[in-house]
Amino acid sequence: WYQRRVRKQWYQRRVRVSTQSTGTAREMTVFGSYGAIKTLQTMKPTFDESYLLLTRRFEGRVKPKKEGQVFRVMQWNVLAQGLTASNARKNYCKTPPRWLEWETRRYLLLLEMLSYMPDIIILQECDRFEFFNTKLREFGYKGKFNERPFSPCVDMPDDDDGHPDGCAIFYHTERFNLVECVHRQLLNQMQHSTSTLVFALKLEFVEDNHPILIVNTHLKGGPKTEQTRYEACLDLSNFVAEHAGPQDIVVVGADLCENPSQRGYDHLITNLKDAYSFALEGKHPSFTTWRLRPTGEEKYTNDSIFYNDVRLRVLQALDVPSDSAVGEYKLPSRFCGSDHISLVCDFQRIMESD
């Protein structure tokens, strides 16, 4: 079923799209799903260029077994629009301003989501939830959003609307039913609430009502907050244990704001497994975020997809693009609407007969 779905919906074609700058129609080449191409025809880009995604390929291809549902998960920090200020003294100081405009970025973000056709979409720094919710609903998705405590986007002078950012999870209604939505602020070792949100959806597979817990979190960044992140990871493990039953499948999408060598990550993999590390045979992506700031170049592996191996196997993961494909100005770019790349992983359920 999964293979037929991919062959049927992925193709390359020419489409005609009207541009806001000239008001005239032009042709551009896109590669993606039928849904992505139909969306391109209804939205208007703000600059006259072809919309193509970064060149990437799947790694660690494990042949799926005949029995057991296959599902795809996307994890992505989509960069809050309120944090996209671009000048010589602010973030993304060398990124052309047109690549930071919401009218441009929304186009690329939605195209990438629809092109990979994930069954689960986990987003951080989402401050335009209503836009994604409206557009993705047309393609069978439902979503839930929870605002980040003390969101910095509210007071940003460059964002006139002042949308708070937060965590969002979308699921395809052909594959899953919603059971409940849970969230809270993570606690430190003194049992005091922190500004870090953990947000989860308890879902059931449509086929047999087997439970799956999808968890989303975005830890606090900065070189002086490693202890804070470590304590948040301790409580994140507690949160998963509180809400996951002994036979539940668990998938965690996280922007840990730290590299895999640090203590928070090390704690999480004592109870969970890193899907990318498995697919890449013990290696980690060379980066998941890459940007130019006034203080210099920042290239980190901050994002991860974790899972428990109770009745779940990893089939393949979408590898990172090459350095040359990213380009001179790093991220965001004309090929990627965020300063993070998306992580995409295919899983298959292990049935009792295996």
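Residues numbered from 1 in each chain as written. Predicted model: local features only at pLDDT ≥ 70, side-chain atom pairs only at ≥ 80, totals over all residues. Heavy atoms only, no water.

Draft legend 1. Seen up close, the packing of aromatic side chains. As enumerated under the stated definition, the model contains 14 aromatic pairs in all. Ring centres 5.7 Å apart and planes at 50° place the aromatic pair tyrosine 265 and phenylalanine 306 in the tilted group. With tyrosine 265 in helix α6 (residues 263-268) and phenylalanine 306 in strand β15 (residues 303-307), the pair connects residues that are 41 residues apart, well separated along the chain. Overall, phenylalanine 306 belongs to the buried group, its relative accessible area being 0%. A network of ring pairs unites the aromatic residues Phe71, Phe176, Phe205, Tyr307 and Phe347 as a single cluster. Taking the ring centre of tryptophan 102 as reference, the NZ or CZ of arginine 128 above it sits at 5.6 Å. (Phe/Tyr/Trp six-rings, centres within 6.5 Å; stacked < 30°, edge-to-face > 60°. Helix = DSSP H or I, 4+ residues; strand = E, 2+ residues; numbered from the N terminus. Buried < 20%, exposed > 50% of the residue type's maximum accessible area, 1.4 Å probe, protein only. Lys NZ or Arg CZ within 6 Å of the ring centre and 35° of its normal.)

Draft legend 2. Spotlight on unusual backbone geometry. Proline 332 follows leucine 331 through a cis peptide bond whose omega is -5°. If you check the backbone angles, asparagine 209 has positive phi at about 65° while not being a glycine. Following the sequence through the fold, asparagine 209 ends up in the loop between β9 (193-205) and β10 (211-218). Here asparagine 209 falls in the partly exposed class, since its relative accessible area comes to 45%.

Draft legend 3. Region of interest: helix α5 (residues 226-243). Between the first and last C-alpha of α5 there are 26 Å, a value that for 18 residues agrees with the 26 Å anticipated at 1.5 Å per step. Among the residues of α5, those classed as buried are Arg229, Tyr230, Glu231, Ala232, Cys233, Leu234, Asp235, Leu236, Ser237, Phe239 and Val240. For α5, the elements touching its buried residues are β8 (176-187), β9, β10, β11 (249-255) and α6. (Expected span 1.5 Å × (residues − 1). Contact = heavy atoms within 4.5 Å.)

Draft legend 4. Region of interest: the nonpolar core. In this structure, Met113, Leu123, Phe132 and Phe347 are the most contacted members of the largest nonpolar core, which totals 61 residues. Residues within four places of phenylalanine 347 in sequence aside, it is in contact with Gln69, Val70, Phe71, Val73, Ala275, Ile305, Tyr307, Leu312, Arg313, Val314 and Leu315. Ala232, Val250, Val252 and Ala254 belong to the second-largest nonpolar core, a separate cluster that totals 20 residues. (Core = buried A, V, L, I, M, F, W, Y, C linked by side-chain atoms within 4.5 Å.)

Draft legend 5. Looking closely at the environment of alanine 241. Tracing the backbone shows alanine 241 in helix α5. For alanine 241, a relative accessible area of 57% puts it in the exposed group. Each C-alpha atom, one on alanine 241 and one on asparagine 271, is 9.7 Å from the other, the two residues being 30 residues apart in sequence.

Draft legend 6. Expanded view of the pattern of salt bridges. Summed over the entire model, instances satisfying the criterion amount to 17 salt bridges. The partner of aspartate 165 in a salt bridge is arginine 148, and the shortest N-O contact between them spans 2.9 Å. Placement of the pair is aspartate 165 in the loop between β6 (141-147) and β7 (166-172) and arginine 148 in the loop between β6 and β7, with a sequence separation of 17 residues. For arginine 229, the salt bridge identified is with glutamate 258, shortest N-O distance 2.9 Å. Remark: glutamate 258 occurs in the loop between β11 and α6 and arginine 229 occurs in helix α5; sequence separation between them is 29 residues. Owing to a relative accessible area of 3%, arginine 229 belongs among the buried residues under this scheme. A residue is classified by how much of its surface remains accessible, and glutamate 258, at 3% relative accessible area, is buried. Members of the salt-bridge network, linked through shared partners, are Arg291, Arg293, Glu298 and Asp339. (Salt bridge = Lys/Arg side-chain N within 4 Å of Asp/Glu carboxyl O.)

Draft legend 7. Quick peek at the confidence of the model for the protein. Mean pLDDT over the protein: 85, with 82% of residues reaching 70 or higher. pLDDT under 50 marks residues 1-32. Its contacts with residues more than four places away, or in other chains, come to 79 contacts. (pLDDT = per-residue confidence, 0-100.)

Draft legend 8. Molecular detail of the pairing of β11. Extensive coverage of β11 is indicated by the burial of 7 of its 7 residues. Side-chain alternation along β11 places Ile249, Val251, Gly253 and Asp255 on one buried face and Val250, Val252 and Ala254 on a second face that is also buried. Pairing of β10 with β11 involves 7 bridges; the strand directions are parallel. By the bridge assignment for β11, threonine 217 is matched with alanine 254. (Pairing = 2+ DSSP bridges.)

Draft legend 9. Structural context of the side chain of histidine 172. Relative to the assigned elements, histidine 172 resides in strand β7. Within the local environment of histidine 172, its side chain forms a polar contact with the backbone oxygen of phenylalanine 139, the two atoms lying 2.9 Å apart. Other than its neighbours up to four places away in sequence, histidine 172 contacts Asp119, Phe139, Gly140 and Tyr141. (Polar contact = N/O pair within 3.5 Å; in protein donor to acceptor, adjacent residues only side chain to side chain.)

Draft legend 10. Inspection of the side chain of serine 342 at higher detail. Note on placement: serine 342 falls in the loop between α8 (323-326) and β17 (343-349). Given a relative accessible area of 0%, serine 342 falls into the buried group. A distance of 2.6 Å separates the side chain of serine 342 from the side chain of glutamate 112, its partner in a polar contact. Excluding residues that lie within four positions of it along the chain, serine 342 makes contacts with Arg56, Met74, Gln75, Trp76 and Glu112.

Draft legend 11. Inspection of the sheet that holds strand β12 (residues 273-274) at higher detail. With mixed pairing, the 6 strands of this open sheet are ordered in space as β8-β9-β10-β11-β15-β12. The two strands at the open ends of the sheet, each matched to only one other strand, are β8 and β12. By the bridge criterion, 5 bridges tie β11 to β15 in an arrangement that is antiparallel. Counterpart to aspartate 255 in the pairing with β15 is aspartate 303. In the packing of α5 onto the sheet, the strands contacted are β8, β9, β10 and β11, and the crossing angle to β8 comes to about 145°. (Axes fitted to C-alpha atoms, helices over the stretch in contact; angles between N-to-C directions.)

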